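Fold and geometry: a report
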Amino acid sequence: MKSKPARDIMTLLGVLAGASTLAAVGLMANPAANAAPAAVLTHPIARARVFVDLRAAWPGGVLAIRVEGSRWATGTTLLDGRRGALARGPSGLFGLVPVAIDAEPGVHTLAVFFPGGRRRGGQGSFAVELGASSRPSRDRPVPAADLLTLETAGLRDGRQLLAAIRTRESRVFHQGFLRPPVGVSPGFPFGGFEDFGGSVGPSRDGLSGEHHRGQDYPAPPGTLVRTPGAGIVLLARNLAFSGQTLVVAHGAGLVSVLAHLGTLSVREGDLVVDGAAVGTTSPTGLGAQGLPPHLCFSTYLHAINVDPVPLLDPALFELQR
Ligand SMILES: [Zn+2]
């Protein structure tokens, strides 16, 4: 576990050097070419002021939002029918808004609601522009013998995974950016189309959708895996597609999924501190077959699958301070 001062230094470096710090630690090696206006939008709601960070405003990305000068303790956001939440932290109301992978680039309406009815509540909406994202696709032909497993055990296990991802856990275990779970440069990125062939086609276990759910890290078997952030282990078991799988809820609607592990050193219900060792990699599960050994790291925000890479960027969390 890294100490708080170490994290503060990382944050300071992030502020001083911006994206160059990220490049230095290899976070920007993502081959997906995404374009978003790196700007902070401001908008008044009643006497409060809303700030929205658009640096990861693209399909599969995340908006960071902060509200200043309000008496509200909580808030809700809505973008394309997908919900996000604001919670009061040490320095004001802050939240992350998920942008679904199937959102169209262009101008969208972001609505923000504060509880309290007509007299005490508040709401406002404003336009946010989502940039385009370009993500590489890949074919993943599954041997015929495995297709049946994907259609049966894969579906059953996928529902278990989905149930964990849809947690209503309300405790907040983690503040700020996440860390890469392994010390290996990132490989195949989030979001590209994946086709498994046969009757399974582009779907994958019980999770509907057609895209790669995480960021891969080409880690050799036996590589130590650390939790991307503090949290509670919601699921730690072997699943047909993702193999030995860990689901960690960080709170505030943020969930990490680590797939293709070998040994697991935590159990369901365990609390993990930031950066704690949770297991090692191993090409377990059908999803690891036909590819070089790798760890697959996925993130979900209020059950919406988003690219983990923006969540590794300390700059995205500048509005939280
Ligand atoms: Zn993956």
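For the structure itself, look to the data block above.
Residues numbered from 1 in each chain as written. Predicted model: local features only at pLDDT ≥ 70, side-chain atom pairs only at ≥ 80, totals over all residues. Heavy atoms only, no water.

Comments concerning the pattern of salt bridges
- In total, this model carries eleven salt bridges according to the counting rule given.
- Linking R138 and D216 is a salt bridge whose minimum nitrogen-to-oxygen distance equals 3.2 Å. Of this pair, R138 sits in strand β11 (residues 138–139) while D216 sits in strand β13 (residues 214–217), and the two are 78 residues apart along the sequence. Accessibility assignment for this pair places R138 and D216 in one class, buried.
- Of the charged contacts, one joins R237 and E268 as a salt bridge, the two residues approaching to 2.8 Å between their closest N and O atoms. Remark: E268 occurs in the loop between β17 (254–264) and β18 (271–272) and R237 occurs in strand β15 (residues 231–239); sequence separation between them is 31 residues.
- For R237, a relative accessible area of 35% gives the class partly exposed. (Salt bridge = Lys/Arg side-chain N within 4 Å of Asp/Glu carboxyl O. Helix = DSSP H or I, 4+ residues; strand = E, 2+ residues; numbered from the N terminus. Buried < 20%, exposed > 50% of the residue type's maximum accessible area, 1.4 Å probe, protein only.)

A short note on the side chain of R179
- Note that R179 resides in the loop between α4 (144–165) and β12 (194–195).
- Assessed through its relative accessible area of 13%, R179 is described here as buried.
- A distance of 3.4 Å separates polar atoms of two side chains, one belonging to R179 and the other to D274. (Polar contact = N/O pair within 3.5 Å; in protein donor to acceptor, adjacent residues only side chain to side chain.)

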